[in-house]
Amino acid sequence: MSSRRIFARPARFAAIAPYVWMVLFFLVPFAFVLKISLSQTAIAQPPYEPVFDLTAGWEALKSAFAALSIDNFKLLGSDDIYVFAYVRSLTVAVTATALLLLIGYPIAYGMARLPKRWQAVAMVLVIVPFWTSFLIRIYAWINILQHDGLLNQILLALHLVSQPVVWLSTDGAMYIGIVYSYLPFMILPLYATLAKMEPALEEAASDLGAPPWQVFWLVTFPLSLPGVGAGVLLCFIPIVGEFVIPDLLAGSNSLMIGQTLWLEFFTNKDWPVASAAAIVLLVVLLLPLLLYERLQKRQLEQGR
Amino acid sequence: MRKVSRLSRFNVASLALGLAFLYLPILILVIYSFNASRLVTVWGGWSLRWYREFFNDRAMIEAAWMSLRVAVASATIATLLGTLAAVALSRGERFRGRTLFSGMLYAPLVMPEVITGLSLLLLFVALNAERGFWTVTIAHTTLTMCFVAVVVQSRLGSLDRSLEEAAMDLGCNPVRAFVSVTLPLIAPAIVAGWMLAFTLSLDDLVIASFTTGPGSATLPIRIYSEVRLGVKPEINAICTLVIGLIAVVIVIASLASKLSSSQGESAAPL
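Residues numbered from 1 in each chain as written. Chains lettered and ligands numbered in written order. Predicted model: local features only at pLDDT ≥ 70, side-chain atom pairs only at ≥ 80, totals over all residues. Heavy atoms only, no water.

**What to know about the overall build of chain A**
Next, step 1: Scanning chain A from N- to C-terminus turns up 15 helices and two strands.
Next, step 2: Of all 304 residues assigned to chain A, the portion counted as buried reaches 48%.
Next, step 3: Within chain A, residue pairs in contact and separated by at least 24 positions form 72% of the contacts whose partners lie at least 6 positions apart.
Next, step 4: When the accessible surface of chain A is split by element, carbon and sulfur atoms take 69% of a total near 15200 Å². (Helix = DSSP H or I, 4+ residues; strand = E, 2+ residues; numbered from the N terminus. Buried < 20%, exposed > 50% of the residue type's maximum accessible area, 1.4 Å probe, protein only. Contact = heavy atoms within 4.5 Å. Areas by Shrake-Rupley, 256 points an atom, 1.4 Å probe, with all protein chains shown as cover.)

Right, here's the structure in full:
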């Protein structure tokens, strides 16, 4: 339609301001991360060398390039601390995402089965905690899980335990915190696909004699896979780089990569190594993203 | 045989348990903020003691003020930029660099905050920018405009385009058609986007820690450093105030969207 075309042109102009902003404050910063990851650590302000100085002209630029090194990346590969941190991050993220899927799916499924009017209410109820500060929600769990916290008091009062159990500073506490914080991110995409699903398909399967678990496993679940993919991705990637939750709830014996990066940056002031660690993390996270995109494309093609 | 699509007992139970899991911890925190006892876990009767303590804590008040200013400024810029981005993506058809553009807009949604914060800090250091209010505001704008863009874009996508086309057939130029037809229709989404940006900014700890300078800590930064030292009942009170503020924002925004949708209905017969 011709009026659509007319509209398209000014709409394209609308892109200019946000485009420039994102290039300046999202894309360009990565160039700096990359550059500093290739620099040497120095005891100075800023704590890295060589420092880019455009005013010094071409010669300075050339010598700066000559001084670049991949030592930081070599260090990451040879130092157990980093290797363990990456492995731990991925393990935690896989476990937590699986838990989220297990817990989030029945909730999303229940939401999708509600009468239409109640679905909107349920959705608001799921979103509201997401609006409520992330840090506050972690803090709420510290109140509950600490040594003389509510959980221990209840357990003691019910005589289920004879002395306080250590909940805080354990991996269990960390998983509770992660599941609690990311649950809305898992529920919403799942709910979106489940609510759109044609109920006639499930009815047909059950009319043809499938018991409920078969209806679910052979019809509902496969059809909800796009939502599962989106939810898993939406949770998995940020969890890998998680810093606050493991820092406040988990013990300090084994760190995730987000914490290691933070420590390297703020405590050790080793910016080049922190930058290199960030680049590696970014590359690790790109893999699931690309995989997801490819799966989605294939699904679209199959749909046609 | 309509057994499957009906709400089963299992559905109800999982919903109830899920919601209880989401709400109980927050509820407990709010109740304990009115606890008179110094020990967080021993109930000593109702009291506003910790709220008084907070209002006498200069550093906390300053941090709260800083957070509010950053949240208002960054949410406003982010809503402006995010709405423009959404319009470009949903109405601009194809344009050069569109893939990169949408990629940049979606990436911060999933990117670990540690990486976003680190990269922005390195940029600010390289530019020799003084870190404080503006650097945090810029960082928050970058993050939250992506959320605004997603919210507004989904609303634009569900909009009946024939309304815009009708306006243009009646002689409006595209900009005029957008301002007088499309904009009022997507206003609820824009309000929702602003709210989301506001609360995300108010909430952010990691990016703010990287991009702020000495002496300009935001509220989450202060809360975080207190929490690391151990649980203090004052924190319960601050958290409850923040939850209350966010609840007020949500109520105002939902009223606004209700108002605009009822206006739309009453305008329709005319």
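So that's the structure; there's more coming.
**Some remarks on the overall build of chain B**
Next, step 1: Of regular secondary structure, chain B possesses 11 helices and zero strands.
Next, step 2: Secondary structure elements in chain B, listed N-terminal to C-terminal, are α-α-α-α-α-α-α-α-α-α-α.
Next, step 3: Principal-axis analysis of the C-alpha atoms places the extent of chain B at approximately 70 × 65 × 35 Å.
Next, step 4: Put simply, chain B has 270 residues, and 52% of those count as buried.
Next, step 5: Counted over contacts in chain B with a minimum sequence separation of 6, partners at least 24 positions apart contribute 70%.
Next, step 6: Approximately 12600 Å² of chain B is accessible, and the part contributed by carbon and sulfur atoms is 66%.
Next, step 7: Here chain B holds 21 positive side-chain charges and 15 negative ones, and the gap between their average locations is 7 Å. (Lys, Arg positive; Asp, Glu negative; His and termini not counted. Charge placed at Lys NZ, Arg CZ, Asp CG, Glu CD.)

**Considering the interface of chain A and chain B**
Next, step 1: Each partner contributes residues to the interface: chain A has 90 residues there, and chain B has 92 residues.
Next, step 2: Counting the surface lost from both chain A and chain B, the interface buries some 8300 Å², and carbon and sulfur atoms represent 80% of this.
Next, step 3: Across the pair Asp247(A) and Arg228(B) runs a salt bridge, and its minimum N-O distance is 3.4 Å.
Next, step 4: Counting the contacts that link chain A with chain B gives nine residue pairs in polar contact (both at pLDDT 80 or more).
Next, step 5: Considering every element that reaches the side of chain A that touches chain B, the biggest residue donor is helix α2 (residues 16–37) of chain A, with 16 residues.
Next, step 6: In the side of chain A that touches chain B, the residues fall into 69 nonpolar, 12 polar and nine charged. (Buried area = accessible area lost by both parts, 1.4 Å probe. Salt bridge = Lys/Arg side-chain N within 4 Å of Asp/Glu carboxyl O. Polar contact = N/O pair within 3.5 Å; in protein donor to acceptor, adjacent residues only side chain to side chain. Nonpolar A, V, L, I, M, F, W, Y, C, P; charged D, E, K, R; others polar.)

**Concerning the UniProt feature "transmembrane region" (unreviewed entry) in chain B**
Next, step 1: In the numbering used here, UniProt assigns the feature "transmembrane region" (unreviewed entry) to residues 12–34, 70–89, 101–127, 133–156, 177–197 and 235–256 of chain B.
Next, step 2: For residues 70–89 of chain B, the end-to-end C-alpha separation is 27 Å, with 100% helix and 0% strand making up the annotated structure. (UniProt positions renumbered as here; feature names shortened; annotations may be inferred.)

**Brief notes about the packing of aromatic side chains**
Next, step 1: All chains considered together, the criterion is met by 25 aromatic pairs over all chains.
Next, step 2: Each ring, one from Tyr109(A) and one from Phe216(A), has its centre 6.1 Å from the other, and the planes form 85 degrees; the classification is edge-to-face. Placement of Tyr109(A) in helix α5 (residues 80–113) and of Phe216(A) in helix α11 (residues 212–223) is noted, with a sequence separation of 107 residues between them.
Next, step 3: Plain terms: the ring middles of Phe243(A) and Trp262(A) are 3.9 Å apart, the flat faces sit at 15 degrees to each other, and that makes the pair stacked. Pair noted here: Phe243(A) is in the loop between α12 (225–240) and α13 (244–249) and Trp262(A) is in helix α14 (residues 257–266), with a separation of 19 residues, a long-range link. Each member of the pair, Phe243(A) together with Trp262(A), is buried.
Next, step 4: By the ring-pair criterion, three or more aromatic residues cluster together here, those being Phe243(A), Trp262(A), Phe265(A), Phe266(A), Trp271(A), Phe210(B) and Tyr224(B).
Next, step 5: Just above the ring of Tyr180(A) sits the side chain of Arg137(A); from NZ or CZ to the centre is 5.9 Å. (Phe/Tyr/Trp six-rings, centres within 6.5 Å; stacked < 30°, edge-to-face > 60°. Lys NZ or Arg CZ within 6 Å of the ring centre and 35° of its normal.)

**Digging into the confidence of the model for chain B**
Residues and elements named next belong to chain B.
Next, step 1: Averaged over all residues, the pLDDT of chain B equals 84, while 91% of them reach at least 70.
Next, step 2: Mean pLDDT values for the elements of chain B range from 73 in helix α11 (residues 233–267) up to 93 in helix α3 (residues 58–91).
Next, step 3: Per-residue pLDDT stays below 50 along residues 1–5; that stretch engages in 12 contacts with residues further than four places along the chain or on separate chains.
Next, step 4: The low-confidence segment residues 264–270 (pLDDT under 50) makes zero contacts with residues lying over four places distant or belonging to another chain.
Next, step 5: Across the interface, the model reports ipTM at 0.85; the global pTM reads 0.84. (pLDDT = per-residue confidence, 0-100.)

**Quick word on the packing of helix α7 (residues 134–145) of chain A against helix α10 (residues 219–229) of chain B**
A pair of packed helices can be characterised by two numbers: the angle between their axes and the separation between those axes.
Next, step 1: Remark: α7(A) packs on α10(B), axes separated minimally by 11 Å, with the N-to-C direction vectors making an angle of 20 degrees. Taken together, the axes of α7(A) and α10(B) are roughly parallel relative to one another. With respect to the hand of their crossing, α7(A) and α10(B) are arranged in left-handed fashion. In this structure, α7(A) uses Leu135(A), Tyr139(A) and Ile142(A) to contact α10(B), whose residues at the interface are Pro220(B), Ile223(B), Tyr224(B) and Val227(B).
Next, step 2: In terms of residue class, the contact of α7(A) with α10(B) is made up of seven nonpolar, no polar and no charged. (Axes fitted to C-alpha atoms, helices over the stretch in contact; angles between N-to-C directions. Parallel < 35°, antiparallel > 145°, perpendicular 65-115°, else oblique. Left-handed = near helix turned anticlockwise from the far one by under 90°.)

**Comments concerning the pattern of salt bridges**
All names here are of chain B.
Next, step 1: According to the stated counting rule, one finds five salt bridges over all chains in the structure shown.
Next, step 2: With its nearest N and O atoms 3.1 Å apart, the salt bridge here joins glutamate 164 to arginine 91. Note that glutamate 164 is positioned in helix α7 (residues 161–169) and arginine 91 in helix α3, a separation of 73 residues in sequence. Arginine 91 carries the same exposure label as glutamate 164, and that label is buried.

**Digging into the environment of Leu100(A)**
Next, step 1: Mapped onto the elements of the fold, Leu100(A) is located in helix α5.
Next, step 2: Every residue in contact with Leu100(A), bar those within four places of it in the chain, is listed here: Tyr105(A), Val179(A), Tyr182(A), Leu183(A), Met186(A), Cys235(A) and Ile239(A).

**Quick look at the UniProt feature "domain: ABC transmembrane type-1" (unreviewed entry) in chain A**
Next, step 1: In the numbering used here, UniProt assigns the "domain: ABC transmembrane type-1" (unreviewed entry) feature to residues 86–292 of chain A.
Next, step 2: Counted over residues 86–292 of chain A, helix gives 80% and strand 0%. Its end C-alpha atoms are 21 Å apart.

**A closer look at the UniProt feature "transmembrane region" (unreviewed entry) in chain A**
Residues and elements named next belong to chain A.
Next, step 1: UniProt feature "transmembrane region" (unreviewed entry): in the numbering of this structure it lies at residues 12–32, 81–108, 120–142, 173–194, 215–240 and 271–292.
Next, step 2: Taken end to end, residues 81–108 has its terminal C-alpha atoms 39 Å apart, with 100% of it in helix and 0% in strand.
Next, step 3: For the annotated span residues 120–142, helix accounts for 91% and strand for 0% of the residues, and the straight-line distance between the end C-alpha atoms is 31 Å.

**A short note on the environment of Val136(B)**
Next, step 1: Here Val136(B) lies in helix α6 (residues 133–157).
Next, step 2: Sequence separation between Val136(B) and Ser154(B) is 18 residues, and the spatial gap between their C-alpha atoms is 28 Å.

**Some words on the environment of Ala93(A)**
All names here are of chain A.
Next, step 1: Its place among the elements puts alanine 93 in helix α5.
Next, step 2: The exposure class of alanine 93 is buried, given its relative accessible area of 0%.
Next, step 3: The spatial distance from the C-alpha of alanine 93 to the C-alpha of leucine 190 is 19 Å, given a sequence separation of 97 residues.
Next, step 4: Leaving out residues up to four positions away in the same chain, alanine 93 has contacts with Phe236, Ile239 and Val240.

**A short note on unusual backbone geometry**
All names here are of chain A.
Next, step 1: Phi angles above zero are rare outside glycine, and serine 169 is one such case at about 60 degrees.
Next, step 2: Within the fold, serine 169 resides in the loop between α8 (150–157) and α9 (171–196).
Next, step 3: Its identity is not glycine, yet lysine 269 carries a phi of approximately 55 degrees, on the positive side.
Next, step 4: Residue lysine 269 is classed as partly exposed on the basis of its relative accessible area of 46%.

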